[in-house]
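Here's the letter readout for the chains.
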Amino acid sequence: MFPRRPPAGLAAWLVGAAAAAAAGRAGARGGGLLALLANQCRFVTGLRVRRAQQIAQLYGRLYSESSRRVLLGRLWRRLRGRPGHASALMAALAGVFVWDEERIREEELQRSIDEMKRLEEMSGMFRSSGAERHPPEPKSQTEGVEDSGGKEQPWEMVMDKKHFKLWRRPISGTHLYQYRVFGTYTDVTPRQFFNVQLDTEYRKKWDALVIKLEVIERDVVSGSEVLHWVTHFPYPMYSRDYVYVRRYSVDEENNVMVLVSRAVEHPSVPESPEFVRVRSYESQMVIRPHKSFDENGFDYLLTYSDNPQTVFPRYCVSWMVSSGMPDFLEKLHTATLKAKNMEIKVKDYISSKPLEVGNEAKAAAPSSERKSEGSCGPARIEYA
């Protein structure tokens, strides 16, 4: 006599339970295998990082700092674009800033000068005398500020004074604006105004918002330099810090000065929990003397944008920048007047000899690219 068959529902339940148990055992085996693979990957990664650190220490003992820069620059170019960003990892481990990637080049300086020329052509009122000027709203644009359709965003007038005009335009994909200032001063010389901007020690005296401002590293090829700037922000916001590269050029033949700055990362200035790091920052200042570098009177064009990492809405940030920029420029003007009256001694950057920079560049980097970029003609003075 055969045993009775279990009910259909009970049989289905038993089959399902058995399948679940089998799946659980398989999952346990699979989980164990994945854990084993993860441990192996961590081990290999740790081993390679330690090896890279040992290599960096070895090269640090064997080679000078300039030689390490050349060696790392070659390695950067070879590994650039490969998955994993091995070049950035090697640069961070070696603690070397790669100038080949970050220095401000001639093209960036020339773009800023071209913007000034286009504004001059549009206005038709720029004469060598100190006559009043009323330039139209700028139509020429710098790169990178376009809407989703690829069209340039229009400039909007924010402030219109006799010797100071401020425009802004939205930066596509963000809640931020780019700002442009056109202004005129007739009581100081271009040389004095330019030197006061560049003198970091003097700025610590006339700008009460500065907490820290120092040069981190200089590039002997182009004259660019990296600075670390920490500044107070309005209460209750945290102070902000900037790490940026800057370069200036004085073109005596074309009677123009230009100063370009933009944010970078530098291995010797890691992010601090005491400040909020501003990673998006650009500034271009072009100065056109009315007569010469040493006679009173000049026009200037300042283009500026940054992301201060605030949670405030766009109109609040716009108000802070729109009110803060005229205040900063007026403080800069007042500091220049004090320097003019010999109350404060300011370094004369324009008189610095570019030949010394060229000689250092040849000694540190004999490549043709570096030679051509570091050379200066007799009518063109470049120094950071």
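Keep in mind that this is a model prediction, so the values were computed, not measured. (Residues numbered from 1 in each chain as written. Predicted model: local features only at pLDDT ≥ 70, side-chain atom pairs only at ≥ 80, totals over all residues. Heavy atoms only, no water.)

### Quick notes on the environment of Ser 112
Then step 1. Relative to the helices and strands, Ser 112 is located in helix H5 (residues 106–123).
Then step 2. Ser 112 gets classed as buried once you look at its relative accessible area, which sits at 8%.
Then step 3. If we ignore the near neighbours within four places in the chain, the residues touching Ser 112 are Val 258, Val 260, Gln 284 and Val 286.
Then step 4. Reaching out from Ser 112, the side chain makes a polar contact with the backbone oxygen of Glu 108 at a distance of 3.4 Å. (Helix = DSSP H or I, 4+ residues; strand = E, 2+ residues; numbered from the N terminus. Buried < 20%, exposed > 50% of the residue type's maximum accessible area, 1.4 Å probe, protein only. Contact = heavy atoms within 4.5 Å. Polar contact = N/O pair within 3.5 Å; in protein donor to acceptor, adjacent residues only side chain to side chain.)

### Digging into H5
Then step 1. Helix length check: H5 (18 residues) gives 26 Å between terminal C-alpha atoms against 26 Å at 1.5 Å per residue, within 8%.
Then step 2. Every buried residue of H5 is listed here: Glu 108, Leu 109, Ser 112, Ile 113, Glu 115, Met 116, Leu 119, Glu 120 and Ser 123. Buried residues of H5 fall within an arc of 140 degrees about the axis and therefore sit on the same side. (Expected span 1.5 Å × (residues − 1). Arc of directions from axis to C-beta.)

### Considering the confidence of the model for the protein chain
Then step 1. For the protein chain, per-residue confidence averages 75 on the pLDDT scale, and 59% of positions sit at 70 or higher.
Then step 2. Segment residues 126–133: pLDDT under 50, and 18 contacts once partners within four positions in sequence are set aside and those in other chains are kept.
Then step 3. Confidence drops under a pLDDT of 50 for residues 353–384, and excluding neighbours within four residues, the segment shows 58 contacts in the predicted structure. (pLDDT = per-residue confidence, 0-100.)

### Re the pairing of strand E6 (residues 240–251)
Then step 1. Taken across its 12 residues, E6 has 12 buried, putting it largely inside the fold.
Then step 2. Bridge analysis of strand E5 (residues 225–231) against E6 gives 7 bridges, and the strand direction is antiparallel. Of the residues in E6, the one forming a bridge with Val 230 is Asp 241.
Then step 3. Both E6 and strand E8 (residues 276–278) contribute to a ladder of 3 bridges, which runs parallel. By the bridge assignment for E8, Arg 240 is matched with Val 276.
Then step 4. As paired elements, E6 and strand E7 (residues 256–263) share 8 bridges and run antiparallel to each other. Bridging from a neighbouring strand, Val 245 pairs with Arg 262 of E7.
Then step 5. Where E6 hands over to E7, the hairpin turn is made up of 4 residues, of which Asn 255 adopts a positive phi near 55 degrees. (Pairing = 2+ DSSP bridges.)

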